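Structural features, examined
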Amino acid sequence: MPAPRSLVRSLFYPLHERLRGRSTLRHFRAMRRRDAGGPEDLQAFHDATLVAHLKHAAATVPFYRERVDADRIECPGDLARFPVIDKATVREHREQLLSEAWTGKVLTFETGGSSGEPLRFHSDLDRESSQLACKLRARAWWGLHPGHRETDLWGSPIETAKDAGLRRVVASMLGFQLLPAFQLNAETMATFRDRLARGRADFLYGYASALGAYARFLEGRGEDLLDLGLELAICTAETLLDADREVIARRLAPPANEYGCRDGGLIAHDDPSGHLRLMHDAVHVEVVDEAGEVLSDGEEGEVVLTNLWARAFPMIRYRVGDRIVKSPEPPSDGLPHPTVDRLAGRSTDFLVATDGTRVHALGMIYILREIPGIARFRVVQESRARLVVLIVPEADLDRGRVPEDIVRKSRRVLGADEFDAVEAAVVL
């Protein structure tokens, strides 16, 4: 049973973050103060934080110290002295990207590889705290705070495996529950409404396409969840398509787009006025063309990201693999943050098992990234009877074993009994 909202907000959540060693609430309070200020004050903070971050990286990170003179960094424009990097750069120079001045705990994470290029990278508690604070701040825009009960339509194997024992108890006390996003069939989705009602959910959070699929399932049955009083459906991890936004609004709750990436941080979030606001006090966003030249606001290009709080492992001018259009003239009212006109990039789709069950593509992504020796991959489902897995091998790839592993694990994801008819072709 979830604890009372006031108790979670005033006691349980602060205690949880303190025990995890995170300074989330300190960052959150500072962000809320900046939200209440004007664009000029926010820009001044952004610029000062960016310059300090660049100086820190150039002075203490071997990769940058070899390429940039810290004494020549004086203003935000000096960011141009830093090279644009990508996933390949991080793989090749991962240990050289660690700050020699960092004395705190270093965390290691791995992305899901929705672009086909899974990545292992380092982080620290302060960066993680600032990212969580960005989430809290964006939800506060909508009147949601710790203690409001959250239901996630989610579920990587890693996260679901951890949601047991003590973690399950803690999650329940904080008002959190998980619904499986990997197997969206009529049988599982038919149980969601009762589980949401029992958990007294206040808002939803999940893959944009999964929330859209559930909303369409309800629409097909002539049902909706509007009587449950859900305050928001936060759509993340994928491009929120207009068609999904509309059906989510009709059948679930008002939708809000959360845009970010695990390796870069939370980049932007919808506000209640309908603007996609950049997290301007946490990230610096450039939009570049194919040659890496910075484009003017209003032009579409690739996102190059600098996380302002990644002190242990600075990834400066990092290509995240998405394309956006920044607003040439941000709105003059409301929040002080710049805005994004359009997200033009990433989308992770579903696979379909032979029995018609929709299986989230991340189910394949998570198993492929666990197989040693795969540098990049692409999964193409040509029909219910044919799945093609294209891989770019690394030098240590076991070419005799990997195709068999992929077929076996693909069958596990799509259903052992139903998948026998599917041919998995591996092109090396």
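Look up a bit, the structure's there.
Now for a description of the structure that goes with this document. Nothing here was measured: the structure is a model prediction, and the numbers come from that model.

The rules behind the values
Residues numbered from 1 in each chain as written. Predicted model: local features only at pLDDT ≥ 70, side-chain atom pairs only at ≥ 80, totals over all residues. Heavy atoms only, no water. Helix = DSSP H or I, 4+ residues; strand = E, 2+ residues; numbered from the N terminus. Buried < 20%, exposed > 50% of the residue type's maximum accessible area, 1.4 Å probe, protein only. Contact = heavy atoms within 4.5 Å. Areas by Shrake-Rupley, 256 points an atom, 1.4 Å probe, with all protein chains shown as cover. Phe/Tyr/Trp six-rings, centres within 6.5 Å; stacked < 30°, edge-to-face > 60°. Lys NZ or Arg CZ within 6 Å of the ring centre and 35° of its normal. Pairing = 2+ DSSP bridges. Axes fitted to C-alpha atoms, helices over the stretch in contact; angles between N-to-C directions. Parallel < 35°, antiparallel > 145°, perpendicular 65-115°, else oblique. Left-handed = near helix turned anticlockwise from the far one by under 90°. Patch = residues over 30% accessible without salt bridge, like charges linked within 9 Å, V, L, I, M, F, W, Y side chains within 5 Å. Salt bridge = Lys/Arg side-chain N within 4 Å of Asp/Glu carboxyl O. Nonpolar A, V, L, I, M, F, W, Y, C, P; charged D, E, K, R; others polar. Core = buried A, V, L, I, M, F, W, Y, C linked by side-chain atoms within 4.5 Å.

1. Remarks on the overall build of the chain
Summing up its helical and strand segments, the chain has 14 helices and 19 strands in all. Within the chain, the fraction of its 428 residues that count as buried is 55%. Within the chain, residue pairs in contact and separated by at least 24 positions form 66% of the contacts whose partners lie at least 6 positions apart. Of the roughly 19100 Å² of accessible surface on the chain, a fraction of 50% belongs to carbon and sulfur atoms.

2. So, the packing of aromatic side chains
A complete count under the given rule lists seven aromatic pairs for this structure. Between Phe109 and Phe121 the ring centres are 6.0 Å apart and the planes differ by 40 degrees, which places this aromatic pair in the tilted class. Here the residue Phe109 occupies a position in strand β1 (residues 106–110), and Phe121 occupies one in strand β2 (residues 120–124), the gap between them amounting to twelve residues. A relative accessible area of 24% places Phe109 in the partly exposed class. Among the aromatic side chains, those forming a connected cluster through ring pairs are Phe63, Tyr64 and Phe82. Its guanidinium or amino end placed over the ring of Phe45, Arg34 lies 3.9 Å from that ring's centre, counting from NZ or CZ. The ring of Phe63 is capped by Arg67, whose NZ or CZ atom sits 3.8 Å from the centre of that ring.

3. Section: the side chain of Asn257
Topologically, Asn257 is positioned in strand β8 (residues 255–261). For Asn257, a relative accessible area of 5% gives the class buried. Leave out the neighbours within four places in its chain, and Asn257 touches Cys235, Glu238, Leu240, Arg245, Ala268, His269, Asp270, Leu276 and Leu343.

4. Thoughts on the environment of Ile371
With respect to the helices, strands and loops of the structure, Ile371 is situated in the loop between α13 (362–369) and β17 (374–383). For Ile371 and Ile406, which are 35 residues apart along the polypeptide, the C-alpha to C-alpha distance reads 8.4 Å. The contacts of Ile371, once residues within four sequence positions are left out, are Val402, Asp405, Ile406 and Lys409.

5. What to know about the sheet that holds strand β6 (residues 203–207)
If you trace the eleven strands from one edge of the open sheet to the other, you get β4-β3-β6-β7-β8-β9-β10-β14-β13-β12-β11, paired in mixed fashion. Both outer strands of the open sheet, β4 (176–180) and β11 (283–288), are each paired with one neighbouring strand and no more. Across the sheet, the mean angle separating the axes of adjacent strands is 35 degrees when strand polarity is ignored. Where strand β12 (residues 300–307) and strand β13 (residues 318–326) come together, five bridges link them in antiparallel fashion. By the bridge assignment for β13, Glu300 is matched with Val325.

6. Regarding the packing of helix α11 (residues 208–220) against helix α12 (residues 242–251)
Across the interface, α11 lies against α12 with an axial gap of 8 Å and an inter-helix angle of 50 degrees. Judged by the angle between their axes, α11 and α12 are oblique. The way α11 lies across α12 gives a crossing that is left-handed. Residues Ala208, Ser209, Leu211, Gly212, Ala215, Arg216, Leu218 and Glu219 of α11 touch α12, and the partners they reach there are Ala243, Asp244, Val247, Ile248, Arg250 and Arg251.

7. What about a nonpolar patch on the surface?
Taken together, the side chains of Leu166, Val169 and Met173 make up a nonpolar region of the molecular surface, amounting to roughly 290 Å² of accessible area. As for its position among the elements, Leu166 is in helix α8 (residues 166–173).

8. What about the packing of helix α2 (residues 24–35) against helix α6 (residues 125–141)?
At a minimum axis distance of 8 Å, the contact between α2 and α6 shows a crossing angle of 50 degrees. Overall, the two elements α2 and α6 adopt an arrangement that is oblique. Judged by the twist between their axes, the crossing of α2 over α6 is right-handed. Two secondary-structure elements touch here, α2 through Thr24, Leu25, Arg26, His27, Phe28, Met31, Arg32 and Asp35 and α6 through Asp126, Ser129, Ser130, Leu132, Ala133, Cys134, Leu136, Arg137, Ala140 and Trp141. For the contact of α2 with α6, a count of residues per class yields nine nonpolar, four polar and five charged.

9. Let's talk about unusual backbone geometry
Even without glycine at this site, Arg200 takes up a positive phi of about 50 degrees. Along the chain, Arg200 falls in the loop between α10 (192–198) and β6.

10. What about the nonpolar core?
One finds Tyr64 and Phe82 to be the most contacted residues of the largest nonpolar core, which totals 57 residues. Other than its neighbours up to four places away in sequence, Phe82 contacts Leu54, Ala57, Ala58, Tyr64, Val68, Ile73, Ile316 and Arg317. Counting residues in each nonpolar core, the second largest holds 37 residues, with Phe192, Leu218, Leu225 and Tyr366 among its members.

11. A closer look at the pairing of β8
Burial analysis of β8 places seven of its seven residues in the buried class, which makes it a mostly covered element. Judged from the three bridges that link them, strand β7 (residues 232–236) and β8 form a sheet pairing that is parallel. Residue pairing across strands places Cys235 opposite Asn257, the latter belonging to β8. Two strands pair when backbone bridges link them, and β8 and strand β9 (residues 265–270) are joined in this way by four bridges, in the antiparallel orientation. Within β9, the residue paired with Tyr259 across the bridge is Ala268. The hairpin turn running from β8 into β9, its antiparallel successor, is three residues long.

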